[in-house]
Amino acid sequence: MRVVITGGAGFLGSHLCDLFISRGWDVLCMDNLVTGSDANIAHLTSNPRFHKVHHDVSQFIEVPGEVDTVLHFASPASPPDYLKFPIQTLKVGSLGTHNALGLAKAKGAKFLLASTSECYGDPEVSPQPETYWGRVNPVGPRGVYDEAKRFAEAITMAYHRYHGLDTRIVRIFNTYGPRMRLNDGRALPNFLYQALVGEPITVYGDGRQTRSFCYISDLIEGIYRLLESNEHEPVNIGNPHEITILEFAERVRRLTGSGVPIIHRPLPQDDPKQRCPDITKARRILRWEPKVQLEEGLGLTCDFFKAQIAATARPA
Ligand code: UDP
């Protein structure tokens, strides 16, 4: 069995490469390394069942040979990244999804789209069930990601309905763990980095906005179960344990034993005030729910970040 993973050198993509290699599959990892990193897949490159190709999936995708499954995970995903690469973000979500679907159709392969809780925008409904249509500002700074992913969902459903493609859509909520970039600008790596190097923790706004953080191993298990299911409509995968960003900053400070102050910075435009997945559907049809508690997951991620900081501080 052979899987193509777009964005395979990214945070989520590289963990999916690991999963499929461990299950005996051949893996073709495709990435243009805009936000991904060779370091995430370095441990796989000596495996004869693992191959990587440097390619921007917004351009036509050519893969010789058979393919059983296409997982489309290519995209910048942290707000600072998609603000820095707005056009690439729109292109990879639209043209890139079209090309990845075209590949799956040409090969008769199953297709899974990595979608996002950003489809719900700044929601008036919480927790967010899959049936909620969302509240997205199409012309705001986050629109480049949100609308690209909403288009990606629409075209995936069109390929399913019109071409009969065997598709899945996972709406991924905030996820964290080893291989997140220390400097990707999201709250979790920022806070851990700041606490570990002794800088003030930057909470945007008053910190009363909420998020719900899912550990990477739980997410990967959920995605695998979705792939094995027959569900074609979107499914939320995330951890329903909701926490304010201020409380989260305090947790990080406690966990690291750091005495750094918490300072406030302006809230970015259209920053969602609340985000929490309703995982009733995943519980029912996938028999899935997250297992890793925030304390444990944060500890594991903290160990990874400590090693990263030590490695970058070391003289070359
Ligand atoms: N945030 C913060 N300080 C930071 C980075 C982010 O307070 O240094 C806030 C951000 O404004 C948002 C929340 O933390 O309300 C989560 O942001 P993140 O960038 O992790 O991703 P998002 O969930 O918004 O996609």
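Conventions used here
Residues numbered from 1 in each chain as written. Predicted model: local features only at pLDDT ≥ 70, side-chain atom pairs only at ≥ 80, totals over all residues. Heavy atoms only, no water. Axes fitted to C-alpha atoms, helices over the stretch in contact; angles between N-to-C directions. Helix = DSSP H or I, 4+ residues; strand = E, 2+ residues; numbered from the N terminus. Parallel < 35°, antiparallel > 145°, perpendicular 65-115°, else oblique. Left-handed = near helix turned anticlockwise from the far one by under 90°. Contact = heavy atoms within 4.5 Å. Expected span 1.5 Å × (residues − 1). Buried < 20%, exposed > 50% of the residue type's maximum accessible area, 1.4 Å probe, protein only. Arc of directions from axis to C-beta. Pairing = 2+ DSSP bridges. Core = buried A, V, L, I, M, F, W, Y, C linked by side-chain atoms within 4.5 Å. Right-handed = clockwise from strand over helix to strand, strands pointing away.

Caption draft 1: Quick peek at the packing of helix α5 (residues 187–197) against helix α9 (residues 294–313). Running from N to C, α5 and α9 point in directions that differ by 60°, and their axes come no closer than 10 Å. The angle between α5 and α9 places the two elements in the oblique class. Of the two possible hands of crossing, α5 and α9 adopt the one that is right-handed. Contacts from L188, P189, L192, Y193, L196 and V197 in α5 reach L298, T301, C302, F305, K306 and I309 in α9.

Caption draft 2: The arrangement of helix α7 (residues 245–256) in detail. In a regular helix each residue adds 1.5 Å, so 12 residues correspond to 16 Å; α7 covers 17 Å between its end C-alpha atoms and thus fits that length. Burial in α7 covers these residues: I245, F248, A249, R251 and V252. Here the buried residues of α7 occupy an arc of 160° about the axis, which is enough to place them on one side. The secondary structure elements touched by the buried residues of α7 are α5, β8 (201–204), β9 (210–212), β12 (242–244), β13 (262–265) and α9. Just beyond α7, the residue with positive phi is G257, at close to 65°.

Caption draft 3: Summary view of the sheet that holds strand β3 (residues 50–54). The parallel open sheet is built from seven strands, whose spatial order is β3-β2-β1-β4-β5-β6-β11. The sheet is open, and its two edges are formed by β3 and β11 (235–237), each paired on a single side. Within the sheet, the average angular offset between the axes of one strand and its neighbour, ignoring direction, is 20°. Pairing of strand β1 (residues 2–6) with strand β4 (residues 69–72), which is carried by four bridges, proceeds in the parallel orientation. Its bridge partner being in β4, V3 is matched across the sheet by T69. Along the sheet face, helix α4 (residues 143–163) touches β5 (110–116) and β6 (167–172) and points at about 155° away from the line of β5. The sheet strands contacting helix α6 (residues 216–228) are β4, β5, β6 and β11, and the helix crosses β6 at an angle near 155°.

Caption draft 4: Structural context of unusual backbone geometry. S126 connects to P127 through a cis peptide bond whose omega is -5°. At R287, a position not held by glycine, the phi torsion is positive, near 55°. Inspection of the secondary structure assignment puts R287 in the loop between α8 (280–286) and α9.

Caption draft 5: Region of interest: the nonpolar core. Formed by 60 residues in total, the largest nonpolar core has its most connected members in F20, L71, F73, L188 and F248. The contact partners of F73, leaving out residues within four places of it in the chain, are T6, G7, L12, L16, L112, A114, I172 and I223. Counting residues in each nonpolar core, the second largest holds 23 residues, with V63, A74, M157 and Y159 among its members.

Caption draft 6: Region of the structure containing the pairing of β1. Judged by how many residues are buried, β1 sits mostly within the fold: four of five residues are covered. Relative to strand β2 (residues 26–31), β1 is paired through five bridges, and the arrangement is parallel. Across the sheet, R2 pairs through a bridge with D26, a residue of β2. Crossover connection from β1 via helix α1 (residues 11–22) to parallel β2: handedness right-handed.

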